[in-house]
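Per-entry structural report
Single-letter residue listing:
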Amino acid sequence: MKISKEQILCVAAGLLLSIASFSQKKEFLIEKDDGTYGIERPDFGQDKRDYEIYYETGDGKEKINVTVSPRKYTEEEAAKLFEAMLDPVIKVMLSGNPSITGVTENLSFIKFLDGYPGISISWKSDDPIHIGMGGEIQNDDVTDPVAATVKVTFSAGSFNKSYEIPILICAKEAGQSVEKEEGIEELLEKADIETDSERFFNLPSTMKGRKLRYSEPFDASPVVLFVMGILAAFLLKLKPIEDERKRKKERENELLLDYSDIVSKLIVYIGAGLTIRNAWEKLAMEHGEEGRAVYREISAAAAELKNGESENRVYLRFAKRCGLRCYTRLASLLDQNSRTGDEALLNALELEMDEAFEQRKNTARRLGEEAGTKLILPLMMLLITVLVMVATPALFTLT
């Protein structure tokens, strides 16, 4: 049974994907140096994980599900973390307040602190009149500073520790209050702090007594993609036209380059004693199977001659199909042969050959210049790449 390339590619792709999957698989069962086994425990504050493993005894292998609880702090670790958390928690608690001796805005009673997983935070105040359960400060009727105490408790499993934070509630400053309400940035920052332990970031609903509405910015990408699709369709419509133009240009260049070859061969054949018709048929027999455009047209003209068409009409139609002035001149010279004779034709063809070789050189020079122009952009890109590769290490050493 023959195996196709597609089948081999499918098998190779499956093998590569299998190897990639196997290499990325993380083994959770770890064999220690002393011969015992272990499973890495989830980090502090993470959920417990279930694993399916096999265990062996003398009677055989059996499957069992193992539930692994997350790590827990030791008493010493918890005490160190509690001490380290106090200052950052106080800073977050103050939110927009300058210090604990000048509390005028709401406090932020967070439940967790980033960087300290597995430790929960609870709050309690000794002045529920001026401090709400969520840290709201009620100081509308406060004229003189009011002393209060906020109790914060850190909990890590079975270990707890409480700290008392003395604060001074002051009267709300009119200017500061207005300043806080003037910008949406302050409201958003405050809302971010108040809900940093929740799943969703709740946007403020009012500002300066007015209801706030939110909307997503206009996404222009669908419109851009739609316009790009229309543009691509338009360009695809133009592609056949551009391909046809390039094909005609390539055919024209090919005909120009082959013209001197045709004239020189006609001079050789006619000089050897062949008539124009026989020389033409010989060109068709020698080069009729080639892919060059001019020889395909010569073969078509030779077939017309065999069908009984007059030579003059065949040569003129050949020149018309080629569509270039030089071939029109050649057809005119061949047409005049019936009136002037072979000697005059050879002289005219020799003059035409000199001009044809000059034309071939000019065409080759023009094509070389066009090719050099097309290479400018790739060469510039290569130059920029080399400059970046050379200059980047030098700049890094200077800095």
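Above this text you will find the structure in question.
Below is a short write-up of the structure. (Residues numbered from 1 in each chain as written. Predicted model: local features only at pLDDT ≥ 70, side-chain atom pairs only at ≥ 80, totals over all residues. Heavy atoms only, no water.)

Going through the model one piece at a time under the given rule, you end up with 17 salt bridges. Residue Arg251 pairs with Glu297 through a salt bridge whose shortest N-O separation is 3.2 Å. Here the residue Arg251 occupies a position in helix H5 (residues 221–271), and Glu297 occupies one in helix H7 (residues 293–306), the gap between them amounting to 46 residues. One network of salt bridges, in which partners are shared, links Arg251, Glu297, Glu304, Glu309, Arg317 and Arg321. (Salt bridge = Lys/Arg side-chain N within 4 Å of Asp/Glu carboxyl O. Helix = DSSP H or I, 4+ residues; strand = E, 2+ residues; numbered from the N terminus.)

Attention shifts here to the pairing of strand S6 (residues 146–156). Here 6 bridges tie strand S5 (residues 120–125) to S6, and the two strands are oriented antiparallel to one another. By the bridge assignment for S6, Ile121 is matched with Phe154. The pairing of S6 with strand S7 (residues 159–169) spans 11 bridges and is classified as antiparallel. Among the inter-strand pairings, Val146 is bridged to a residue of S7, identified as Ile169. (Pairing = 2+ DSSP bridges.)

A few words on the nonpolar core. One finds Trp280, Ile298, Tyr327 and Leu349 to be the most contacted residues of the largest nonpolar core, which totals 37 residues. For this core, the secondary-structure elements that each account for two or more residues are H5, helix H6 (276–287), H7, helix H8 (311–322), helix H9 (325–340) and helix H10 (342–374). With 9 residues, the single largest contributor to this core is H5. Once residues lying within four places of it in the same chain are set aside, the contact partners of Leu349 are Val263, Leu266, Ile267, Ile270, Leu330 and Leu333. (Core = buried A, V, L, I, M, F, W, Y, C linked by side-chain atoms within 4.5 Å. Buried < 20%, exposed > 50% of the residue type's maximum accessible area, 1.4 Å probe, protein only. Contact = heavy atoms within 4.5 Å.)

Side chains of Leu231, Leu235, Leu238 and Ile241 sit close together on the surface and give an oily, nonpolar patch of about 370 Å² of accessible area. Judged by relative accessible area, Leu238 falls into the partly exposed class, the value being 35%. (Patch = residues over 30% accessible without salt bridge, like charges linked within 9 Å, V, L, I, M, F, W, Y side chains within 5 Å. Areas by Shrake-Rupley, 256 points an atom, 1.4 Å probe, with all protein chains shown as cover.)

Right, let's get into H7. Its 14 residues give H7 an end-to-end C-alpha distance of 20 Å, which sits within 8% of 20 Å, the value for a rise of 1.5 Å per residue. Among the residues making up H7, those that are buried are Ala293, Val294, Tyr295, Glu297, Ile298, Ala301, Ala302, Glu304 and Leu305. Following H7 by one or two positions, Gly308 adopts a phi angle in the positive range, close to 95°. (Expected span 1.5 Å × (residues − 1).)

Moving on, we get to the sheet that holds S7. With respect to topology, 3 strands assemble into an open sheet ordered S5-S6-S7, the strand pairing being antiparallel. Unpaired on one side and paired on the other, S5 and S7 mark the two borders of the sheet. Geometrically, the sheet is characterised by an average inter-axis angle of 20° between neighbouring strands, direction not taken into account. Against the sheet, helix H2 (residues 75–94) touches S5, S6 and S7, its axis set at about 20° to S7. (Axes fitted to C-alpha atoms, helices over the stretch in contact; angles between N-to-C directions.)

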